[in-house]
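Next come the chains, spelled out residue by residue.
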Amino acid sequence: MEKTYGVRLGEQERGKVQVLRQGLYYRFICRCRLSGEVMCRLMVSCGEHQENLGVLIPMEDGFGLDTKLPVKRLGEGEMEFSLHPKHEAGEGKFIPIYPEEPFSYLEKLKDAYLVCKGSEVGILVQET
């Protein structure tokens, strides 16, 4: 089985994903036209199930991703593909980092992301 799907970022189609069934796995070959200003992750939806296929990296004349996923993790049916910014604003709490001050959030670093807000550097942590 081989099928090609469109990939959407918001309302715009930004590329294509070729899906190949290889035994017990789906192989995904994605190529997209992106500015590169924001890293994006590729998501696939099949029915009620959704999987994160990974972050697109620079390839050829744009960005892309080649990966495999077991069929049983996604199931069979019609797939839809979308791109999402890797770290969307508002995903967590921004904590600024100041080199001259002690940092009291060390225990949160394993689940945090380094971000810049204007000229300020900090981490973004998930709020629970």
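Let us look at the nonpolar core. Of all hydrophobic cores here, the largest spans 23 residues; its most connected members are Phe28, Leu42, Leu56, Met79 and Phe81. Broken down by secondary-structure element, the contributors of at least two residues to this core are strand E1 (2-9), strand E2 (12-22), strand E3 (25-32), strand E4 (40-46), strand E7 (62-70), helix H1 (71-74) and strand E8 (79-85). Among residues more than four places away in sequence, those in contact with Phe28 are Val17, Gln18, Val19, Leu53, Leu65, Asp66, Thr67, Leu69, Leu74, Met79 and Phe81.

Position of Gly64 among the secondary structure elements: in strand E7. On the basis of relative accessible area, Gly64 is assigned to the buried category, the value being 0%. On a C-alpha basis, the gap between Gly64 and Gly54 in space is 9.9 Å, while along the polypeptide they are ten residues apart. In contact with Gly64, other than residues within four places in its own chain, are Cys30, Arg31, Leu56, Ile57 and Met59.

Conventions we followed
Residues numbered from 1 in each chain as written. Predicted model: local features only at pLDDT ≥ 70, side-chain atom pairs only at ≥ 80, totals over all residues. Heavy atoms only, no water. Core = buried A, V, L, I, M, F, W, Y, C linked by side-chain atoms within 4.5 Å. Buried < 20%, exposed > 50% of the residue type's maximum accessible area, 1.4 Å probe, protein only. Helix = DSSP H or I, 4+ residues; strand = E, 2+ residues; numbered from the N terminus. Contact = heavy atoms within 4.5 Å.

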